[in-house]
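Descriptive analysis of the structure
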Amino acid sequence: MKVIIDSAIPYIGNILDPYAEVIRMAGSEITATSLRDAEALIVRTRTRVDRALLEGSRIEFVATATIGRDHIDEAYCKSHGIELCSAPGCNARGVLQWVAAALRHITTVDNRPPEEYTLGVVGVGNVGSLVAHYARLWGFRVLECDPPRQLREGGLFYPIDYIARSADIITLHTPLDSTTHHYVDASLLELMRPEATIINASRGGVVDNHAVADSMHRYIFDVWESEPNVPSDILQRAELATPHIAGYTIEGKANATAMSIRALARHFGLPLNDWYPEGLKPTQPRDISWQEMCDTISDYIDIEAITRHLKSHSADFEAIRNHPTSLREEYF
């Protein structure tokens, strides 16, 4: 068996070497030619997995060490019997802690306590459910919006228009698909309070970046349309700006790698079903008070410092993103 792996995926080491020919290469260098005689592929978001890449290959298994799958043509994979797996929830606590840093910044700048804010959480899955839980614990009034869950489960979910009219802060945690592309657009922005803040750590295309930049609203983005080539005016106008690193944690990366290897092991019958990177362990969840979070979060993610650096080195978006210092620890 031959496996092609994006060389930027950490912690795999030589774990697959006893079972397969393993080829590591940069995600941007993975081509149809390199896949011609491979059976398995492990990628990140920087590799577009579609007919152009896969046609004519022997690939029967694709893992992406990411939450999202919008870089993968799922219909093509399904129609050609290719098993596809991703890593949902792998970095949920990392993104939670990035959002926590954003919330601390907002309340500090405004000089208001959490109890004075209504927080709209749009997309209440692995990340959004954590954000909603901790925000309530910290004193925010939380409104949840999740149309797919509303259809499946009923329950107390609010329409996006109601969230727009009611929330002081909207934080986005949806996948990117045909139903969520430009979910926040000019028409939704018109419904929002002038002083409202938009937080996006989901996918860049969920927000019409130009419409937000042209509005009066404050915005805090980790993900951007057309990244890594983010227009300077959009980047500079942001209240806080980070280079798609909200989920960049040691534990999140380890979780994603472990989920990919375990899925591959199940598919090919390898004895690695319980594998986790040696010397690492998943985060042990704990509740944390608002005061403790505010006192400690900058030790783990200094969101203001990252913003200053990115704004002064905007051409280095990808280099900053991939720099080892972007990887941090989770702590709650």
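Scroll up a little and you will see the structure.
Below, the structure is looked at part by part. (Residues numbered from 1 in each chain as written. Predicted model: local features only at pLDDT ≥ 70, side-chain atom pairs only at ≥ 80, totals over all residues. Heavy atoms only, no water.)

1. A few points about the pattern of salt bridges
Scanning the model with the defined rule gives 18 salt bridges in all. Ionic pairing is found between Arg 48 and Asp 50, a salt bridge with its closest N-O pair at 3.5 Å. Accessibility expressed as a relative area gives 42% for Arg 48, which makes it partly exposed. Its relative accessible area of 17% is what places Asp 50 among the buried residues. Here Arg 218 makes a salt bridge to Asp 110, at a shortest N to O gap of 3.0 Å. Of this pair, Arg 218 sits in strand 10 (residues 218–221) while Asp 110 sits in helix 4 (residues 92–110); the two residues are 108 residues apart in sequence, bridging distant segments of the chain. Look at Arg 218 and you get buried, because its relative accessible area is 17%. When its relative accessible area of 25% is taken as the criterion, Asp 110 is described as partly exposed. (Salt bridge = Lys/Arg side-chain N within 4 Å of Asp/Glu carboxyl O. Buried < 20%, exposed > 50% of the residue type's maximum accessible area, 1.4 Å probe, protein only. Helix = DSSP H or I, 4+ residues; strand = E, 2+ residues; numbered from the N terminus.)

2. A closer look at the packing of aromatic side chains
For any two aromatic rings, the description comes down to two numbers: the centre-to-centre distance and the angle of the planes. Using the criterion set out here, one finds twelve aromatic pairs in the structure. When the ring of Tyr 331 is compared with that of Phe 332, the centres are 4.9 Å apart and the planes differ by 80 degrees; the resulting orientation is edge-to-face. Ring pairing ties together the aromatic residues Tyr 117, Tyr 134, Trp 138, Phe 140, Trp 290, Tyr 300, Tyr 331 and Phe 332, which thus form one cluster. The ring centre of Tyr 117 lies 4.1 Å from the NZ or CZ of Arg 112, which sits over that ring. Lying over the aromatic face of Tyr 248, Lys 253 brings its terminal NZ or CZ to 3.9 Å of the ring centre. (Phe/Tyr/Trp six-rings, centres within 6.5 Å; stacked < 30°, edge-to-face > 60°. Lys NZ or Arg CZ within 6 Å of the ring centre and 35° of its normal.)

3. Thoughts on the state of the cysteines
As enumerated under the stated definition, the model contains zero disulfides in all. Sulfur of Cys 90: no disulfide; nearest cysteine sulfur belongs to Cys 85 and is 11 Å away. (Disulfide = S-S within 2.5 Å.)

4. Here we look at the pairing of strand 3 (residues 40–43)
With burial as the criterion, each face of strand 3 is covered, one bearing Ala 40 and Ile 42 and the other bearing Leu 41 and Val 43. Sheet topology places strand 1 (residues 2–6) next to strand 3; three bridges connect them, and they run parallel. Residue Val 3 lies in a different strand from strand 3, and its bridge partner there is Ala 40. The pairing of strand 3 with strand 4 (residues 61–64) spans four bridges and is classified as parallel. The residue of strand 4 that forms the bridge with Leu 41 is Val 62. (Pairing = 2+ DSSP bridges.)

5. Things to note about the sheet that holds strand 1
Taking strand neighbours across the sheet as the criterion, the five strands line up as 2-1-3-4-5 in an open arrangement whose pairing is parallel. For this open sheet the edge positions go to strand 2 (21–25) and strand 5 (83–85), each flanked by a neighbour on one side alone. The mean inter-strand angle of the sheet, taken between neighbouring strand axes irrespective of direction, is 15 degrees. (Axes fitted to C-alpha atoms, helices over the stretch in contact; angles between N-to-C directions.)

6. What to know about the environment of Val 121
With respect to the helices and strands, Val 121 occurs in strand 6 (residues 118–122). Sequence separation of Val 121 and Ile 170 is 49 residues, and the distance between their C-alpha atoms is 6.1 Å. Discounting chain neighbours no more than four positions away, the residues touching Val 121 are Gly 128, Val 131, Ala 132, Val 142, Leu 143, Glu 144, Cys 145, Thr 171 and His 173. (Contact = heavy atoms within 4.5 Å.)

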